[in-house]
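A look at the structure
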Amino acid sequence: MIVSTVLGKIVSIFIIMVVGVICYKVGIIDNNTKEKLSRLSTLIVNPILIFMSFQMEYDTALLKNMGLLFVLAIISYVISITLAHFLLHKKEGYDLAVEKFAVTYTNCGFIGVPLGYALFGSIGVIYATVFVATFHIFCWTHGILLLDNSGFQPKKLINPCLIAVCGGILCFIFQLKIPTNIAFAMNSIADMNTPLAMLLSGAIMAQLNFKDTLKKSRMFFVVALRLIVSSAIFALLLRFIPIDEQMRVVAAVTAACPSGAMTITMAILYGRDDYYATELFGMTTLLSIVTIPLCMMIAG
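Criteria and thresholds
- Residues numbered from 1 in each chain as written.
- Predicted model: local features only at pLDDT ≥ 70, side-chain atom pairs only at ≥ 80, totals over all residues.
- Heavy atoms only, no water.
- Helix = DSSP H or I, 4+ residues; strand = E, 2+ residues; numbered from the N terminus.
- Buried < 20%, exposed > 50% of the residue type's maximum accessible area, 1.4 Å probe, protein only.
- Contact = heavy atoms within 4.5 Å.
- Patch = residues over 30% accessible without salt bridge, like charges linked within 9 Å, V, L, I, M, F, W, Y side chains within 5 Å.
- Areas by Shrake-Rupley, 256 points an atom, 1.4 Å probe, with all protein chains shown as cover.
- Salt bridge = Lys/Arg side-chain N within 4 Å of Asp/Glu carboxyl O.
- Phe/Tyr/Trp six-rings, centres within 6.5 Å; stacked < 30°, edge-to-face > 60°.

Time to look at the environment of Phe210. Relative to the elements of secondary structure, Phe210 occurs in helix α10 (residues 210-213). Classification of Phe210 by relative accessible area gives partly exposed; the value is 29%. Considered as a pair, Phe210 and Gly282 are 72 residues apart in the sequence and their alpha carbons are 9.3 Å apart. What Phe210 contacts, discounting residues up to four positions off in sequence, is Met205, Met283 and Leu286.

Another point: a nonpolar patch on the surface. A contiguous nonpolar patch, built from Tyr58, Leu170, Ile173, Phe174 and Leu176 and spanning about 500 Å² of accessible area, is present on the exposed surface. Along the polypeptide, Ile173 turns up in helix α7 (residues 160-174). Using a relative accessible area of 36% as the deciding quantity, one classes Ile173 as partly exposed.

Within the structure shown, the criterion is met by seven aromatic pairs. Summarising the aromatic geometry, the rings of Tyr58 and Phe172 are spaced 5.4 Å apart at their centres and angled 35° between planes, so their arrangement reads as tilted. Taken as a pair, Tyr58 in the loop between α2 (31-53) and α3 (60-87) and Phe172 in helix α7 lie far apart in primary sequence, 114 residues in all. Looking at Tyr58, the relative accessible area reads 38%, which means it is partly exposed. By relative accessible area, Phe172 is classed as buried at 0%. Considering the side-chain rings of Phe131 and Phe234, the 6.4 Å spacing of their centres and the 75° angle between planes classify their relative orientation as edge-to-face.

Structure (structure tokens):
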């Protein structure tokens, strides 16, 4: 039942993505608009969604569940990093750093959080947010080391999503409630997260030349590592861990997400092959409609 529900939500999300493709093709969204939508989603909408998800009654059990999920999220990233390190090697014409980044860092914010919300409401967002927070910790440390020869810079750990997580947890623990009118406005912005993220993803995918992309056999090996090997290993591990169904489903879905849009933006930022990053993002996103439900079934 849960698998069919997830599949339905994924289909709905992909429909919005198709609208994004159309908007780019007809010129409603151009490259300038795409960049601004990306900043709006990353810096405003997603953090507000994360923060508002913690506006609920205090629950000690929930904090314990978040702690356990944090450990599981670390394990999922260690699995991906290890696979990418040992199974991916330099090949002429392919950016190895981008490949390793794409295998390791998922679209847990753009896809995992909306799916968590669609399935379980605020609890689903909170559980998915644990993976988002872990994503940012790893991305701005290990991820930077992959892409940038100048090394890790601690100040980059300070970003809107992590601030939203910390602020939300403090409000949750000390039961600090946002006034009703302000909460309504913030929740209205938070509700933009899924459509905005998927419209943006569609606009990014609209730039791909799929004829050329489909000829790259190496790329499909990288895609398989992200969507099948890494996700399936983690899902199999979840099968043997005694946690409740909501935690198991959100953990499986979030870890099985396609390569993150951050792969593209980071590739641009650090002078890597951003078109190849877009191809990896596009192909993993398209194929994840099949692999996410499969990983859920493996997780049990």
